[in-house]
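# Observations on chain architecture
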Amino acid sequence: DECATGNGGCAHFCAHTQTGHKCTCRRGFILMADGHGCECNDECATENGGCAHFCAHTQTGHRCTCRRGFILMADGHDCEGNDECATENGGCAHFCAHTQTGHRCTCRRGFILMADGHGCEENCGCGHICVHNQSSYWCTCRQGFILMPDGHSCEDDECATNNGGCAQNCTNVPGGYSCFCRHGFVLNADGHGCEGTLIVD
């Protein structure tokens, strides 16, 4: 096995064969004419590595980049412009994302995109938590609270503790809670207990 002695004289890899041995190189290198040494294969040195703008040599090959105002296309080599986000942030108040058809604005957390598609509006008017996407928002409440019918304010969930003291059913209402009874029962004068009623046909 010629590879067992001095790696067969190979700079990188040595492979034992039936007729002797063969040297190979790591990715990003090519075998030299002597069949043993390896030299860096700078792919950018030949036709700019196929890159439309800039070519950067890497250990595993090369990488193309584009001039300001352009973006790299899906093929990894060509560049297309114009990156609308490169000029005054595309008119976006917060974030601008370049797309194949133009650009799209988004907002920081706690803000929602305004109808003009560029401005950002602070908060949502929610009492507790505001959840939003690109075009709408909704309010939710912290644990132990419930959302009121106005869709924004939050009140204590009084039914969550001991069913609000109700014998049967408890429902939260603006400003408090209310007990009610199942079919065949009536609410006692104390507003919490339920007693059965005799149903006569």
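Definitions and cut-offs
- Residue numbering note: each chain is counted from 1, following its sequence as written.
- Confidence filtering applies because this is a predicted model: local features only for residues at pLDDT of at least 70, side-chain atom pairs given and counted only at 80 or more, and all residues used for totals across whole chains, interfaces and linings.
- No hydrogens and no water enter the side-chain calculation; it runs on all heavy atoms of the structure.
- Helical segments are the DSSP runs of H or I of at least four residues, strand segments are the runs of E of at least two, and each set is numbered from the N terminus.
- With a 1.4 Å probe rolled over the protein chains alone, any residue whose accessible area is under 20% of its type maximum counts as buried; one over 50% counts as exposed, and the rest are partly exposed.
- In what follows, residue pairs with any heavy atoms lying within 4.5 Å of each other are defined as contacts.
- Here the accessible surface of atoms and residues is derived via Shrake-Rupley with a 1.4 Å probe, and residues count as covered only by protein chains that are part of the display.
- Charged residues are defined narrowly, with Lys and Arg counted positive, Asp and Glu counted negative, and His plus the chain ends left uncounted.
- For charged residues, the charge sits on one atom: NZ in Lys, CZ in Arg, CG in Asp, CD in Glu.
- Residue ranges for the domains originate in an automatic or database domain assignment.
- UniProt positions are given in the numbering used here, feature names are shortened, and annotations may be inferred rather than shown by experiment.
- We define a polar contact as two N or O atoms separated by no more than 3.5 Å, with the added condition that, inside protein, one atom must be a possible hydrogen donor and the other a possible acceptor, whereas residues neighbouring each other in sequence contribute only through side-chain atom pairs.
- The set of buried Ala, Val, Leu, Ile, Met, Phe, Trp, Tyr and Cys residues whose side-chain atoms join them within 4.5 Å is what this entry labels a nonpolar core.
- The criterion for strand pairing is that DSSP finds at least two bridges linking the strands in question.
- Each Phe, Tyr or Trp ring, with Trp reduced to its six-membered ring, pairs with another whose centre is within 6.5 Å; inter-plane angles below 30 degrees give stacked pairs, above 60 give edge-to-face pairs, and intermediate values give tilted ones.
- In this scheme, the term charge over a ring applies when either NZ of a lysine or CZ of an arginine sits within 6 Å of the ring centre and within 35 degrees of the ring normal.
- Disulfides are defined in this document as cysteine sulfur pairs within 2.5 Å.

Looking at an unreviewed UniProt entry, one finds the protein named EGF-like domain-containing protein and attributed to Branchiostoma floridae.

## Some points on the overall build of the protein
Along the protein, the regular secondary structure elements total zero helices and 20 strands. Each principal axis of the C-alpha distribution contributes one length, and for the protein these read about 110 × 55 × 30 Å. Put simply, the protein has 201 residues, and 25% of those count as buried. Across the protein, contacts joining residues at least 24 apart in sequence account for 14% of those joining residues at least 6 apart. Accessible area of the protein: about 13,300 Å², with a carbon and sulfur share of 50%. The centroid of the 11 positive side-chain charges in the protein is displaced by 8 Å from the centroid of its 24 negative side-chain charges.

## Quick look at the domain arrangement of the protein
Taken domain by domain, the protein comprises domain 1 (2-41), domain 2 (83-119), domain 3 (123-156) and domain 4 (158-196). Placing the centre of domain 1 and that of domain 4 at their C-alpha centroids yields a distance of 86 Å.

## Here's the deal with the UniProt feature "domain: EGF-like" (unreviewed entry) in the protein
Under the local residue numbering, the UniProt record ascribes the feature "domain: EGF-like" (unreviewed entry) to residues 179-194. Segment residues 179-194 splits into 0% helix and 38% strand. End C-alpha atoms: 9 Å apart.

## Here's the deal with the side chain of His12
Take His12: it is sitting in the segment before β1 (13-17). At 3.0 Å, the side chain of His12 forms a polar contact with the backbone nitrogen of Arg26.

## Observations concerning the nonpolar core
Ranked by size, the top nonpolar core spans eight residues in total: Cys85, Cys92, Cys96, Cys105, Cys107, Phe111, Leu113 and Cys120. Discounting residues that sit within four places of it in the chain, Cys92 has contacts with His103, Arg104, Cys105 and His118.

## Let's talk about the pairing of β1
With five bridges connecting them, β1 and strand β2 (residues 20-24) associate as antiparallel partners. Paired with Thr17 across the two strands is Gly20, which belongs to β2. Here β1 hands over to β2 after two residues, the two strands then running antiparallel side by side.

## Regarding the packing of aromatic side chains
Applying the stated criterion across every chain yields a total of zero aromatic pairs. Across from the ring centre of Phe29, 5.6 Å away, lies the NZ or CZ of Arg26, which sits over that ring. A cation over an aromatic ring shows up here: Arg182 above the ring of Phe185, its NZ or CZ 5.7 Å from the ring centre.

## Re the state of the cysteines
Structurally, a disulfide amounts to a covalent bond that connects the sulfur atoms of two cysteines. For the structure shown, the criterion picks out 13 disulfides. Disulfide pairing is shown between Cys181 and Cys194; the S-S distance is 1.9 Å. Between Cys181 and Cys194, the S-S dihedral sits near -90°, and the bridge is therefore left-handed. Here Cys181 is found in the loop between β18 (176-180) and β19 (185-187), whereas its partner Cys194 is found in strand β20 (residues 194-196), with 13 residues between them in sequence. Here Cys181 matches Cys194 in class, with each residue buried. A disulfide-free cysteine, Cys40 has its sulfur positioned 9.7 Å from the sulfur of Cys44, the nearest such atom.

## Regarding the pairing of strand β5 (residues 54-58)
Examined bridge by bridge, β5 and strand β6 (residues 61-65) share five bridges and lie antiparallel to one another. Looking at β6, one finds that Ala56 is bridged to Arg63. Between β5 and β6, which pair antiparallel one after the other, the connecting turn spans two residues.

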